[in-house]
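Here is what each chain is made of, one letter per residue.
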Amino acid sequence: MAAVTSSIAPTNLSERTSFRSTLRHTGALIRRNLLSTKATPEELMDVTFFPIIMTVMFTYVFGGAMKATVPGGDYLEYLIPGIFVQMLSFGSIGVGIKLNSDFDKGMMDRFRSLPIARTSVLSAHLVSSVLRLLLASMITFTVATCLGFRVHTNVFEFLAGIALLLGLGFGVSWLSLFIGTKVRSPQAVQGVMQVALFPLMFCSSIFSSVQTMPGWLQAFAKVNPLTTAADGARALMVGGPNTMGNSVWITLAWAVGMSVVFAPLALRAYNRHD
């Protein structure tokens, strides 16, 4: 901690609010977050082992029963883009937990006593979250490839699909940061976010076709951002009907909308947090 705080202390007062100083402070805090993760690698279980467990379980336990309900009949090709959505949205919970843990342990009081840009703390947590999600994406793709998943589009469309889901994860991260400033413990952050995301995850097209659901549930599932994200990812990773391409733009709208709504709320709650 001493090495990090010494690296972010500015040399003069005018430097405190400069863009260059903010970048330097953010970089130092990103390093601090990564060192913290290195010291406690179990923090990465949600983005390392959990996607592997979900992929293997749904492929081999539910795949036989589900293959007849999905377009094309290949459940693995249908499932993997959905697993990316599930992993990148749930992986975003960690950023709120880390922020709340900093408040809980008194680290935020230490940061506020330093002459640094206050936004650099949240920016560092966001960048660290994106790095976590990139690691989870690589692990998920490696496991999926070993199980037989193949990309049927091209590398640029596949990367566009990952970027699309990272954008959605970025929006969810702002929500997680907002929750992290409002509740009293890291466990509460996890509980609130899971209560919010679990219904969205299972009432979507991540694991099964929306058409197999009751009519009243289909109405909700079709506007669910995780449904549009899964359909958009499938369009970019394995191809599909042209109508699925609309899901890409809808998902982008969700990602931008969540960021626009929750970023100011998170910043205001962070500045007002005792």
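Rules and cut-offs
- Residues numbered from 1 in each chain as written.
- Predicted model: local features only at pLDDT ≥ 70, side-chain atom pairs only at ≥ 80, totals over all residues.
- Heavy atoms only, no water.
- 1 Å grid on protein atoms, 1.4 Å probe; cavity = no way out; pocket = protein on both sides within 12 Å on 5 of 7 lines; lining within 4 Å.
- Points joined across faces, edges and corners; volume = space filled by probe spheres on them.
- Helix = DSSP H or I, 4+ residues; strand = E, 2+ residues; numbered from the N terminus.
- Nonpolar A, V, L, I, M, F, W, Y, C, P; charged D, E, K, R; others polar.
- Buried < 20%, exposed > 50% of the residue type's maximum accessible area, 1.4 Å probe, protein only.
- Contact = heavy atoms within 4.5 Å.
- Salt bridge = Lys/Arg side-chain N within 4 Å of Asp/Glu carboxyl O.

K.L.:
Sorry if this is basic, but what is going on with the layout of surface pockets here?
P.N.:
With a probe scaled to a water molecule rolled over the atoms, the places where space remains empty come into view. By volume, the largest pocket is sized at about 650 Å³. Lining the largest pocket are 27 residues; nearest its centre among them are Glu43, Asp46, Gly94, Ile97 and Arg132. Listing elements by their share of the lining of the largest pocket, those giving two or more residues are helix H2 (19–39), helix H3 (45–66), helix H4 (75–90), helix H5 (93–104) and helix H9 (186–202). At six residues, the largest contribution of residues to the lining of the largest pocket is made by H5. When the residues that make up the lining of the largest pocket are grouped by side-chain class, the tally is eleven nonpolar, eight polar and eight charged.

K.L.:
Can you help me understand the environment of Tyr270 in this one?
P.N.:
Considering the arrangement of structural elements, one finds Tyr270 in helix H12 (residues 245–272). Using a relative accessible area of 2% as the deciding quantity, one classes Tyr270 as buried. Considered as a pair, Tyr270 and Phe103 are 167 residues apart in the sequence and their alpha carbons are 10.0 Å apart. In this structure Tyr270 touches Phe103, Met108, Arg112, Arg118, Val121, Leu122 and Thr181, once residues within four positions along its chain are discounted.

K.L.:
Please clarify how the pattern of salt bridges should be interpreted in this entry.
P.N.:
Oppositely charged side chains can form a pair if their charged atoms are brought close together. The final tally for this structure, using the stated rule, is two salt bridges. Taking the shortest distance from any N to any O, the salt bridge between Asp102 and Arg32 comes out at 2.8 Å. Taken together, the residues Asp102 in helix H5 and Arg32 in helix H2 connect sequence positions 70 residues apart. The pair Asp102 / Arg32 is uniform in exposure class, with both members buried.

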